[in-house]
Amino acid sequence: MVAKKVLLRFSNSLISKPIVYRLVKDYNLAFNILKAQILPDEEGEMVLEIEGDRACYEKGMAFLKDTGVEVLNIDKRIVKDEERCYHCSACTVVCPSGAISIDRETMRVGYDPEQCIVCELCVGTCPPRAMRVEIV
Ligand code: SF4
Ligand code: SF4
C-alpha cells in the first residue's frame, strides 16, 4: 500500500473530463481532495491524498500523465516552529492556499498543514525562519 500527496495541474480542456473519477474506477485508488482551484478559462490545480496498491498507484499516475495532467509529488512538508514565530504576519501575504491565517482577536498567526501545497513561499519570507521544509 502507498499513501501519497500529489499536486495535479491540468489545462482548461481537461477540466470537464472525469479524470479523478477514473483513478477510483479503473485503478482502485482512494483519494481525498485537500485543495482544488479551478477557474474558468485557466488551468486547474488540485492537491490530492491518494491511497492504494503500489502497482495500481503507478498505473494511475501513468494514466494521468498520458492524459496530459502534470503530476507533482509532494514529498515534503512545511513545519512551523512556534517558538520562533513572533506573529509578524509576513507569511500570510504570500501564502496562496489559505494554510496560514490570522486570528483577528488575538492577532496570532496560525498554520494548517492540511491546506499547505508546499510552495515554500513562506519559508523565504519569514524573518526568524520559523517556517521550514521537512522531507517526509
Ligand atoms: S508552503 Fe507556506 S506559503 Fe506555501 S502553501 Fe504552505 S504554508 Fe502557504
Ligand atoms: S513570517 Fe514567520 S514570524 Fe512572521 S508570522 Fe509567519 S511564521 Fe511567524
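All values derive from a computational prediction rather than experimental measurement.

Caption draft 1: Focus on the site of ligand 2. Within the structure, ligand 2 sits among 14 residues, and Cys85, Cys88, Ser89, Cys91 and Cys126 are positioned closest to it. The class makeup of the residues in the shell around ligand 2 is 11 nonpolar, two polar and one charged.

Caption draft 2: Highlighting the domain arrangement of the protein. Domain boundaries in the protein define domain 1 (2-73) and domain 2 (77-135). Relative placement of domain 1 and domain 2: their C-alpha centres are 26 Å apart. The interface of domain 1 with domain 2 comprises four residues on the first partner and six residues on the second. With both sides pooled, the region where domain 1 packs onto domain 2 buries about 450 Å², and carbon together with sulfur makes up 46% of that total.

Caption draft 3: Structural context of the site of ligand 1. For ligand 1, the set of nearby residues contains 13 residues, the closest of which are Cys95, Cys116, Cys119, Glu120 and Cys122. In the shell around ligand 1, the residues fall into 11 nonpolar, one polar and one charged.

Caption draft 4: The environment of Val118, seen in detail. Within the element layout of this structure, Val118 appears in the loop between strand E7 (108-111) and helix H4 (121-125). Assessed through its relative accessible area of 13%, Val118 is described here as buried.

Caption draft 5: Expanded view of the sheet that holds strand E2 (residues 30-38). Strands sit in the order E2-E3-E1-E4 across an open sheet of four strands; the sheet is antiparallel. With one partner strand each, in any of the chains shown, E2 and strand E4 (70-73) form the two edges of the open sheet. Shown here is a sheet whose adjacent strand axes are inclined to one another by a mean of 20 degrees, direction ignored. Where strand E1 (residues 2-10) lies against E4, four bridges are found, and the strand directions are antiparallel.

Caption draft 6: Spatial organisation of the nonpolar core. Core analysis: the largest hydrophobic core is formed by 20 residues, its most contacted members being Val47, Ile78, Ile100, Tyr111, Cys116, Cys122 and Met131. Each of domain 1 (2-73) and domain 2 (77-135) accounts for three or more of the residues forming this core. Apart from the residues lying within four places of it in its own chain, the contact partners of Met131 are Ile78, Val79, Lys80, Ile100, Tyr111, Cys122, Val123 and Cys126. If you look at the next biggest cluster of nonpolar residues, it comprises 19 residues, including Val20, Met46, Leu64 and Val69.

Reading the values: rules and limits
- Residues numbered from 1 in each chain as written.
- Chains lettered and ligands numbered in written order.
- Predicted model: local features only at pLDDT ≥ 70, side-chain atom pairs only at ≥ 80, totals over all residues.
- Heavy atoms only, no water.
- Near = heavy atom within 4 Å.
- Nonpolar A, V, L, I, M, F, W, Y, C, P; charged D, E, K, R; others polar.
- Domains from an automatic or database assignment.
- Contact = heavy atoms within 4.5 Å.
- Buried area = accessible area lost by both parts, 1.4 Å probe.
- Helix = DSSP H or I, 4+ residues; strand = E, 2+ residues; numbered from the N terminus.
- Buried < 20%, exposed > 50% of the residue type's maximum accessible area, 1.4 Å probe, protein only.
- Pairing = 2+ DSSP bridges.
- Axes fitted to C-alpha atoms, helices over the stretch in contact; angles between N-to-C directions.
- Core = buried A, V, L, I, M, F, W, Y, C linked by side-chain atoms within 4.5 Å.

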